[in-house]
Amino acid sequence: SKDFASNSSYVAFFKCDNKTLVYMCDVHRLNISFNMVDMCFADDFGIKPDVLLTEMENSGFERKLGWHGCQDNTLVYAAAVATKKEIPVVFADLSDEQMIDVLKAGFPDKEITHDVLHQVLRAGPSKDKMCEYLNKFGRNRFMLENIAAALNKYNTVFAIFGKGHYEEQRLALEGMLGKPE
């Protein structure tokens, strides 16, 4: 596969017919990959994204993005760069309420509150069965649905999600688009 590494983050390229998916696999807590984001949006990169999908909460309201807060979060930085370049941005992660609904469906005997949700998310899927369930039956499905919808509408999609999401979505992506180049 054609993967360009920056510390622990990397980019996977999928091409199928006239569709291209540039999938940046980010390591949120360990690495800030602004240089990789800049590379994916650079005029000389050879691929101009038509849309950006980012692992940010699908809140149901329009967001105004500025540069405040971009210095410490690659996902926000990518959204701000896309906005500045007038590239549409899709917030392709579940809202807190949607995540709580997924957890309630999978764990009906537990009381799921916002505090519980944030504890689950902080723990991560390798340490928490609830987080693993949430990713498998909620977040990753939603992200894949957003990728498929974007590819149906646009020719070139730039997606930036956590590396763990890519690892869990890879087989589905290969089923849709073939192996990455």
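Before any of the text, the structure's been laid out above.
Residues numbered from 1 in each chain as written. Predicted model: local features only at pLDDT ≥ 70, side-chain atom pairs only at ≥ 80, totals over all residues. Heavy atoms only, no water.

**Section: the packing of aromatic side chains**
Scanning the entire structure with this criterion turns up eight aromatic pairs. Plain terms: the ring middles of Phe13 and Phe45 are 5.9 Å apart, the flat faces sit at 35 degrees to each other, and that makes the pair tilted. Placement of the pair is Phe13 in strand β2 (residues 9-16) and Phe45 in the loop between α1 (34-41) and β4 (51-57), with a sequence separation of 32 residues. Of the two residues, Phe13 and Phe45, both sit in the buried class. Grouping aromatic residues by their ring pairs yields a cluster made of Tyr10, Phe14, Tyr23, Phe161 and Tyr166. (Phe/Tyr/Trp six-rings, centres within 6.5 Å; stacked < 30°, edge-to-face > 60°. Helix = DSSP H or I, 4+ residues; strand = E, 2+ residues; numbered from the N terminus. Buried < 20%, exposed > 50% of the residue type's maximum accessible area, 1.4 Å probe, protein only.)

**Comments concerning the nonpolar core**
In terms of nonpolar packing, the biggest core is built from 23 residues, with Phe41 and Leu52 touching the most fellow members. Examining the composition of this core, we find that seven residues originate from one element, helix α2 (residues 74-84), more than from any other. Excluding its chain neighbours within four sequence positions, the residues that come into contact with Phe41 are Pro49, Leu52, Ala78, Val81, Ala82, Lys85, Ile87 and Phe158. Listed in part, the 20 residues of the second largest apolar core include Ala12, Leu21, Tyr23 and Tyr166. (Core = buried A, V, L, I, M, F, W, Y, C linked by side-chain atoms within 4.5 Å. Contact = heavy atoms within 4.5 Å.)

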